[in-house]
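Coordinate inspection notes
Letter by letter, the chains look like this.
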Amino acid sequence: MWQTIAISVGILLICFVFLAIQVIFKKNGTFPKTHVSQSKAMRDKGIHCVQTQDYEDRTRKGLYDKN
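Everything numeric here is computed off the predicted structure, so don't read it as measured data.

**Points about the overall build of the protein chain**
- From N to C terminus, the protein chain includes 4 helices and 0 strands.
- Ordered by position from the N terminus, the helices and strands of the protein chain form the series α-α-α-α.
- Compactness check: the protein chain gives a C-alpha radius of gyration of 22 Å against a globular reference of 11 Å for 67 residues, more than 25% above the reference.
- Counting only C-alpha atoms, the protein chain reaches 70 × 35 × 15 Å along its principal axes.
- Carbon and sulfur atoms make up 63% of the accessible area of the protein chain, which amounts to about 6700 Å² in all.

**Some thoughts on a nonpolar patch on the surface**
- Residues I14, F16, V17, F18, I21, I24 and F25 make up a contiguous nonpolar surface patch of roughly 750 Å² in combined accessible area.
- With 4 residues, helix 1 (residues 2-19) is the largest single contributor of residues to the nonpolar patch.
- Locating F18 in the fold gives a position in helix 1.

**With respect to the pattern of salt bridges**
- Inspection of every chain in the model, using the stated rule, returns 2 salt bridges.
- The salt bridge partner of D44 is K40, with a shortest N-O separation of 3.1 Å. Remark: K40 and D44 occur in helix 3 (residues 40-45); sequence separation between them is 4 residues, near one turn of the helix. Accessibility assignment for this pair places D44 and K40 in one class, exposed.
- The shortest N-O distance in the salt bridge between D54 and R58 comes to 3.0 Å.

**So, the environment of I11**
- You can see I11 is positioned in helix 1.
- As for I11 and S39, which are separated by 28 residues in sequence, their C-alpha atoms are 31 Å apart.

**What to know about the environment of E56**
- Assignment of secondary structure puts E56 in helix 4 (residues 50-59).
- Note: C-alpha distance between E56 and S39 (17 residues apart in sequence) is 19 Å.

**Observations regarding the confidence of the model for the protein chain**
- Looking at the protein chain, pLDDT values average 81 and 91% of them are 70 or higher.
- When pLDDT is averaged over each helix and strand of the protein chain, the minimum, 78, is found for helix 2 (residues 21-25) and the maximum, 93, for helix 1.

Parameters and conventions
Residues numbered from 1 in each chain as written. Predicted model: local features only at pLDDT ≥ 70, side-chain atom pairs only at ≥ 80, totals over all residues. Heavy atoms only, no water. Helix = DSSP H or I, 4+ residues; strand = E, 2+ residues; numbered from the N terminus. Rg over C-alpha atoms; globule rule 2.2 N^0.38 Å. Areas by Shrake-Rupley, 256 points an atom, 1.4 Å probe, with all protein chains shown as cover. Patch = residues over 30% accessible without salt bridge, like charges linked within 9 Å, V, L, I, M, F, W, Y side chains within 5 Å. Salt bridge = Lys/Arg side-chain N within 4 Å of Asp/Glu carboxyl O. Buried < 20%, exposed > 50% of the residue type's maximum accessible area, 1.4 Å probe, protein only. pLDDT = per-residue confidence, 0-100.

Structural data, given as structure tokens:
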């Protein structure tokens, strides 16, 4: 059982190092920004995150307004 736990922890550590290699070895390295609102290409296409789209839809006057 201890061998399985040790192997699992070893694999997790190796995966973490591979995922964090840019942060560890680059000066002022950061993880890539993967959120939709932080992507310049998505902003240029007018695509927003779901919270922003929901807010825009709720505040826009449209078909169901009584005024």
